[in-house]
Amino acid sequence: MIPLLLLAALAYPRLSRRLSHFQQSRQAAAAIAEIGPRLHDGDLIFQTSRSAQSQAIQLATHSAYSHCGILFRRGNEWRVFEAVQPVSETSLASWVARGKDGTFVVKRLRDAPTGLTPAALRRLRAAGEKYRGKGYDLYFGWSDERIYCSELLWKMYRQATGREIGQLQTLREFDLSHPAVQAKLRERYGKQIPLNEKVISPVRMLESRELVTVR
């Protein structure tokens, strides 16, 4: 027998969305309760975004992961610093619930005990603060005027530690063959696609040998 709450959700789309959000929030809270004690400042976190451009990023990079942020503890709460619109921070619980299915991966510098000293973490935070409030870069340019998610994390680590987390590529190195990718490129660039622009994708950071998996 179908539960009454499920029948109501099917009959009323708004209720269905609220129910889905409630379930995602509960899943996020459970996941955070499990991982929270093992998190460190400076950990990188990856998810599948539900943004309009996520599908194109996944297709072009051959990866499910299309968004990322960096974790810092503020008081008793874990926060995710990220490049959205604008560069800002949000609670880890809200960040996880915002992603597809509430799933995420946490990565850490492989030699974090020596590579992320208190002084290095202060530099990492300071590097991020330089970008706070900057607009999201829809065009994935490499300048600091506007910035996208993986670019923010890559530059923060490069400036604070000298480490390059993930291999830089040019736009032409991605798989641009899918119609959804081509449509997004036309929407953003018209006929002037900057194929030689430097880009760092979430998956290149995720797969970096500089990182180990926490979760």
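Everything that follows concerns the structure shown earlier in this document.
All residue numbers refer to position in the chain's written sequence, counted from 1. Per-residue local features of the predicted model are confined to residues with pLDDT of at least 70, and side-chain atom pairs are confined, for both listing and counting, to 80 or more; whole-chain, interface and lining totals are unaffected and use all residues. Excluding hydrogens and water, the side-chain values take into account all heavy atoms of the structure.

1. Describing helix H3 (residues 54-61)
So the rule is basically this: Any residue under 20% of the maximum accessible area for its type is buried, any over 50% is exposed, and the rest in between are partly exposed; the area is computed with a 1.4 Å probe on protein chains only. A helix here means a DSSP run of H or I that spans at least four residues, while a strand means a run of E at least two residues long, and both kinds are numbered starting from the N terminus. It is the directions from the helix axis to the C-beta atoms that the arc portrays. Pairs of residues are marked as contacts when any of their non-hydrogen atoms sit within 4.5 Å.
All of the buried residues along H3 are Ser54, Ala56, Ile57, Ala60 and Thr61. Along H3, the residues classed as buried sweep out an arc of 165° about the axis, all on the same side. In the core, the buried residues of H3 are packed alongside helix H8 (179-189) and helix H9 (202-206).

2. A word on the nonpolar core
If you look at soluble globular proteins, the nonpolar side chains tend to sit buried side by side. Stated precisely, the cut-off is as follows: Throughout, nonpolar core names a set of buried Ala, Val, Leu, Ile, Met, Phe, Trp, Tyr and Cys residues whose side chains join them through atoms within 4.5 Å.
Residues Leu44, Ile70, Leu124, Leu152, Met156, Tyr157 and Met205 are the most contacted members of the largest nonpolar core, which totals 43 residues. Per element, the largest residue contribution to this core is seven residues, and it comes from helix H7 (residues 149-161). Sequence-distant contacts of Met205, defined by excluding residues within four places in its chain, comprise Leu44, Phe46, Ser150, Leu153, Trp154, Ile165, Gly166, Ile200 and Leu211. Listed in part, the 16 residues of the second largest apolar core include Ala28, Ala31, Leu39 and Leu71.

3. Thoughts on the pairing of strand E2 (residues 67-74)
Here is the rule: DSSP-based pairing: two strands are paired if at least 2 bridges between them are found.
In terms of burial, E2 is a largely internal element, six of the eight residues being buried. Pairing of strand E1 (residues 44-47) with E2, which is carried by four bridges, proceeds in the antiparallel orientation. Within the sheet, the bridge partner assigned to Gln47 lies in E2 and is His67.

4. Focus on the packing of aromatic side chains
The criterion, for reference: Centres within 6.5 Å are what make two rings of Phe, Tyr or Trp a pair, Trp counting through its six-membered ring; a difference in plane orientation under 30 degrees is then read as stacked, over 60 as edge-to-face, and the rest as tilted. Here, a charge over a ring means that NZ of Lys or CZ of Arg falls within 6 Å of the ring centre while also lying within 35 degrees of the ring normal.
Within this structure, the stated rule accounts for three aromatic pairs. Centre to centre, the rings of Phe140 and Tyr148 are 5.0 Å apart; their planes meet at 75°, and the pair counts as edge-to-face. Judged by relative accessible area, which is 18%, Phe140 ranks as buried. Classification of Tyr148 as buried rests on a relative accessible area of 1%. Judged by centre distance (5.4 Å) and plane angle (65°), the rings of Trp142 and Trp154 are edge-to-face. Here Trp142 is found in the loop between helix H6 (118-129) and H7, whereas its partner Trp154 is found in helix H7, with 12 residues between them in sequence. Here Trp154 falls in the buried class, since its relative accessible area comes to 6%. If you follow Lys155 out to its NZ or CZ, it ends over the ring of Trp142, 4.6 Å from the centre.

5. Let's talk about the sheet that holds E2
Spelled out, the test is: Every axis in this analysis is a line fitted to C-alpha atoms, fitted for helices over the stretch in contact. Angles between the N-to-C directions lie between 0 and 180 degrees.
Taking strand neighbours across the sheet as the criterion, the six strands line up as E4-E3-E2-E1-E5-E8 in an open arrangement whose pairing is antiparallel. In this open sheet, the two strands that pair with only one neighbour each are strand E4 (87-91) and strand E8 (211-213). Across the sheet, the axes of successive neighbouring strands diverge by a mean angle of 35°, strand direction being ignored. Sheet topology places strand E5 (residues 105-109) next to E8; three bridges connect them, and they run antiparallel. Across the sheet, Lys107 pairs through a bridge with Thr213, a residue of E8.

6. Here we look at the environment of Gln23
Position of Gln23 relative to the elements: it lies in helix H2 (residues 13-35). Look at Gln23 and you get partly exposed, because its relative accessible area is 43%.

7. Digging into the pattern of salt bridges
For clarity, the threshold we go by: Think of a salt bridge as a Lys or Arg side-chain nitrogen and an Asp or Glu carboxyl oxygen that are within 4 Å of each other.
The tally for this structure, following the rule as stated, stands at 20 salt bridges. For the salt bridge of Glu34 with Arg38, the shortest nitrogen-to-oxygen distance reads 2.4 Å. According to the relative accessible area criterion, Glu34 is partly exposed, its value standing at 41%. The exposure class of Arg38 is partly exposed, given its relative accessible area of 35%. The residue Arg132 makes a salt bridge to Glu129 at a minimum N-O spacing of 2.8 Å.

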